[in-house]
Amino acid sequence: MEASPAAYGPFETLLTEVTDGVLLVTFNRPDVRNAINRQVQLDLRAALETARSDDTVGAVVLTGAGPKAFIAGADIAQVAGYTKDTALASDLQRLFDLVEDFPKPTIAAVNGFALGGGCEIAMACDIRIAAESARFGLPETALSVLPGAGGTQRLGRLVGTGRAIEMILTGRMVDAAEAERIGLVTAVVAPDELLAAARSTAATILARGPLATRLAKLVIRAGMDADQRTGQVVERLAQAVLYESEDKAEGTAAFLAKRPPRFTGR
């Protein structure tokens, strides 16, 4: 794919770059270890809304500026002023739901600390690749709050209930090797190979049928919150759509002709 002509930003807290169908979003507040504040939330929502309708973008990679942090959590100065109304509005939880429900594949390229909201947004992504220097944790109980942007729900689904309870109640950080062992990340690479690994994963996905990858993601997510029989019904319905699609016809024809497929997403 060619570089996208869509307008991304300029953003106050993000750097954005589109190359070969991949939108790279870099959280750019290295002086505060890329902590999430209100402006980060507004900027990320705007970037994702643009990417959703940008047909030249097929995948999104999220990473942090500098070697120290992916995102080291929320901006504590703002958290100090939060009230029950802030929690009930759940702006951050809703933003991370938007990441999880994003129709195009999302990859977290985790460099350095991914704590609190940083760990939560990484968990909302479809795939997590960590640098060897990465550290993950949900330390919110030290402030007498809890990980309320999906952390209490997503962590257990990834690593199991027992480990999730232990990590959240103690606030213990896990390094990249342990994160891979317990299923929190899918791969660990050298820091200088992190973005290349994320881009390579995105390229592998983009070479496949875009409608199939979109529906596969939807079916997997839906099935996690349903019993197996219901999940398989959703699976059959998605497969029915794919069997009638132009991409399925193209994919099978290309395979039989021993040539690369030319998918259109229809």
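Quick summary incoming for the structure in this document. Here the structure is a predicted model, which means the values were calculated and not measured. (Residues numbered from 1 in each chain as written. Predicted model: local features only at pLDDT ≥ 70, side-chain atom pairs only at ≥ 80, totals over all residues. Heavy atoms only, no water.)

**Quick look at the overall build of the protein**
Item 1. In terms of helices and strands, the protein carries 12 helices and 10 strands.
Item 2. Projecting the C-alpha coordinates of the protein onto the three principal axes gives extents of approximately 60 × 45 × 35 Å.
Item 3. The buried share of the protein, reckoned over its 266 residues, is 43%.
Item 4. When the accessible surface of the protein is summed, it comes to about 13700 Å², and 56% of that surface belongs to carbon and sulfur atoms. (Helix = DSSP H or I, 4+ residues; strand = E, 2+ residues; numbered from the N terminus. Buried < 20%, exposed > 50% of the residue type's maximum accessible area, 1.4 Å probe, protein only. Areas by Shrake-Rupley, 256 points an atom, 1.4 Å probe, with all protein chains shown as cover.)

**Quick look at the sheet that holds strand β2 (residues 22-27)**
Item 1. As summarised here, the arrangement of the 6 strands in space is β1-β2-β3-β5-β7-β10, forming an open sheet in which the pairing is mixed. The open sheet is flanked by β1 (14-19) and β10 (187-189), the only strands paired with a single partner. With strand direction ignored, the average angle separating the axes of adjacent strands in the sheet is 20°.
Item 2. Looking at chain direction, strand β7 (residues 127-131) and β10 are connected through 3 bridges and run parallel. Paired with A130 across the bridge in β10 is V188.
Item 3. Each of β2, β3 (59-64), β5 (106-110) and β7 is contacted by helix α5 (residues 117-124), which is oriented at about 145° to β5, the strand it contacts most. (Pairing = 2+ DSSP bridges. Axes fitted to C-alpha atoms, helices over the stretch in contact; angles between N-to-C directions. Contact = heavy atoms within 4.5 Å.)

**Here we look at the packing of helix α4 (residues 91-100) against α5**
Item 1. Look at α4 against α5: their axes get within 8 Å of each other, and the N-to-C directions meet at 30°. As the angle between them shows, α4 and α5 are arranged roughly parallel. When α4 is examined against α5, the residues F96, V99 and E100 are found in contact with a partner set consisting of G117, E120, I121 and A124.
Item 2. Per-class residue counts for the contact of α4 with α5 are 4 nonpolar, 1 polar and 2 charged. (Parallel < 35°, antiparallel > 145°, perpendicular 65-115°, else oblique. Nonpolar A, V, L, I, M, F, W, Y, C, P; charged D, E, K, R; others polar.)

**Things to note about the sheet that holds strand β8 (residues 135-137)**
Item 1. Pairing within the open sheet is mixed, and its 4 strands lie in the order β4-β6-β8-β9. Strands at the two margins of the open sheet, each flanked by one partner only, are β4 (69-71) and β9 (174-175).
Item 2. In the sheet, strand β6 (residues 113-115) pairs with β8 via 3 bridges, with the strands oriented parallel. Within β8, the residue paired with F113 across the bridge is R135.

**Section: helix α9 (residues 194-206)**
Item 1. For α9, spanning 13 residues, the distance from its first C-alpha to its last is 18 Å, which sits close to the expected 18 Å at 1.5 Å a residue.
Item 2. For α9, the complete set of buried residues consists of L194, A198, A202 and I205. In an axial view of α9, the angular spread of the buried residues amounts to 65°, which keeps them on one side of the axis.
Item 3. Buried residues in α9 make contact with β2, β3, β5, β7, β10 and α10 (210-224). (Expected span 1.5 Å × (residues − 1). Arc of directions from axis to C-beta.)

**A word on the nonpolar core**
Item 1. Core analysis: the largest hydrophobic core is formed by 48 residues, its most contacted members being F70 and F136.
Item 2. Residue contacts for F136: discarding those within four places in its chain leaves V110, A114, L115, C119, A130, R172, M173, V174, A179, L184 and V185.
Item 3. Formed by 14 residues, the second largest nonpolar core is a distinct cluster that contains L24, V61, I127 and A202. (Core = buried A, V, L, I, M, F, W, Y, C linked by side-chain atoms within 4.5 Å.)

**What about unusual backbone geometry?**
Item 1. Following G9, the chain continues into P10 via a peptide bond in cis, with omega recorded as 5°.
Item 2. Positionally, P10 belongs in the segment before β1.
Item 3. Phi is positive for D20, which is not a glycine, with a value near 50°.
Item 4. Tracing the sequence through the fold places D20 in the loop between β1 and β2.
Item 5. Positive phi, close to 50°, is recorded for S90, a residue that is not glycine.
Item 6. Mapped onto the elements of the fold, S90 is located in the loop between α3 (84-89) and α4.
Item 7. You can call S90 buried: its relative accessible area is 12%.

**Here we look at the side chain of R154**
Item 1. Among the secondary structure elements, R154 is positioned in helix α6 (residues 151-159).
Item 2. Relative accessible area serves as the criterion here: at 8%, R154 is assigned to the buried category.
Item 3. Only 2.8 Å separates the side chain of R154 from the side chain of D97, close enough to count as a polar contact.
Item 4. Only 3.4 Å separates the side chain of R154 from the backbone oxygen of A149, close enough to count as a polar contact.
Item 5. Beyond its immediate sequence surroundings of up to four residues, R154 is in contact with F96, D97, E100, M123, A124 and A149. (Polar contact = N/O pair within 3.5 Å; in protein donor to acceptor, adjacent residues only side chain to side chain.)

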